[in-house]
Amino acid sequence: TSPLYPYSQGADSALFALVGRGITEGKVMYADFFDHKGPFIFFFNALGYLVGKRTGIFLLQGVFGCISITFLYKAFTLLVPPNRKSFKWDYLFLFVCGYIVCFHTFEHGNLTEEYSQPFISCSLYLFVKYATQAKTHPAHPPLYAFIYGICLAFLAFMRLNNAVSVCSGILALFLYLLYIKQYKNLLVNLAFGVLGLSSVLLPVCGYFWYHSAFEEMIFDA
């Protein structure tokens, strides 16, 4: 999707960019366009198109990539020996190289898998952060659960199967809190998780309800 390669967009990427452009021109997803993907992939393309058309979409990919690398790096450093806790350029270099390799699997970029990475890596970082402290601080922070809910909503409204790692982490956390009998903490976290989920789902559903396209969104996405 780099502007240096004007004819290399894949079929899905080109459609996402087209719908994103249509949104900036007042068209409504699923009513004026059709695709079996959640609305956020199109919202992100619309944002990129507003910033700078196709180049803006490319720049947005770069921002999402940097966020993903940052969270993965922070999660990794929680697991390394104490004498390596300080910032290390070699670790960061490895993560950047790994992410570049991932672009091959993203089929030229601008796909749901790429835009899902920040939400997945953010959740993974918080899972790891809690796991490394669980023995001394068994109560799970409700703020983390709120963030899981937000991330899960974004993933569900982009491509549901991309949320499998986050759902697995939430299930493991649920079972662990049951195992250590943190029942009150579990209920509080469930409430905060639902709150985070609702903070994303309700505005999106309201957007489509307002544009008389709610039924189309549910059916298509």
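See the structure shown above.
Our subject in this report is the structure included herewith. (Residues numbered from 1 in each chain as written. Predicted model: local features only at pLDDT ≥ 70, side-chain atom pairs only at ≥ 80, totals over all residues. Heavy atoms only, no water.)

**Side note on the pattern of salt bridges**
All told, the structure shown has two salt bridges when counted by the stated rule. Arg21 is the partner of Glu25 in a salt bridge, and the nearest nitrogen-oxygen pair spans 3.1 Å. Its salt-bridge partner being Arg159, residue Glu113 comes within 2.7 Å of it at the nearest N-O pair. Linking Glu113 in helix H4 (residues 112-133) with Arg159 in the loop between helix H5 (142-156) and helix H6 (164-179), this pair joins segments that are 46 residues apart in sequence. (Salt bridge = Lys/Arg side-chain N within 4 Å of Asp/Glu carboxyl O. Helix = DSSP H or I, 4+ residues; strand = E, 2+ residues; numbered from the N terminus.)

**Quick notes on the state of the cysteines**
All told, the structure shown has zero disulfides when counted by the stated rule. No disulfide involves Cys151; its sulfur sits 4.4 Å from that of Cys122, the nearest cysteine. (Disulfide = S-S within 2.5 Å.)

**Considering the packing of aromatic side chains**
In this structure the tally under the stated criterion is 18 aromatic pairs. Judged by centre distance (5.5 Å) and plane angle (80 degrees), the rings of Phe43 and Tyr207 are edge-to-face. With Phe43 in helix H2 (residues 39-77) and Tyr207 in helix H7 (residues 183-210), this residue pair connects regions lying 164 residues apart in the sequence. With a centroid separation of 6.3 Å and 75 degrees between ring planes, the pair formed by Tyr130 and Tyr176 is classed as edge-to-face. Remark: Tyr176 occurs in helix H6 and Tyr130 occurs in helix H4; sequence separation between them is 46 residues. By relative accessible area, Tyr130 is classed as buried at 7%. Overall, the relative accessible area of 30% leaves Tyr176 in the partly exposed class. Among the aromatic residues, ring-to-ring pairing joins Phe16, Tyr30, Phe40, Phe42, Phe43, Phe44, Phe64, Tyr115, Phe119, Phe154, Tyr207 and Phe208 into one connected group. (Phe/Tyr/Trp six-rings, centres within 6.5 Å; stacked < 30°, edge-to-face > 60°. Buried < 20%, exposed > 50% of the residue type's maximum accessible area, 1.4 Å probe, protein only.)

**Comments concerning the side chain of His140**
Secondary-structure assignment places His140 in the loop between H4 and H5. Not counting chain neighbours up to four residues away, the residues in contact with His140 comprise Tyr130, Ala145, Tyr148, Leu173, Leu177, Asn185 and Asn189. (Contact = heavy atoms within 4.5 Å.)

**Comments concerning the environment of Leu178**
In this structure, Leu178 sits in helix H6. Among residues more than four places away in sequence, those in contact with Leu178 are Tyr183 and Leu186.

**Side note on the environment of Tyr125**
Its place among the elements puts Tyr125 in helix H4. Its relative accessible area of 11% is what places Tyr125 among the buried residues. A sequence separation of 47 residues divides Tyr125 from Leu78, and the C-alpha atoms of the two residues are 8.8 Å apart. Once residues lying within four places of it in the same chain are set aside, the contact partners of Tyr125 are Phe71, Lys74, Ala75 and Leu78.

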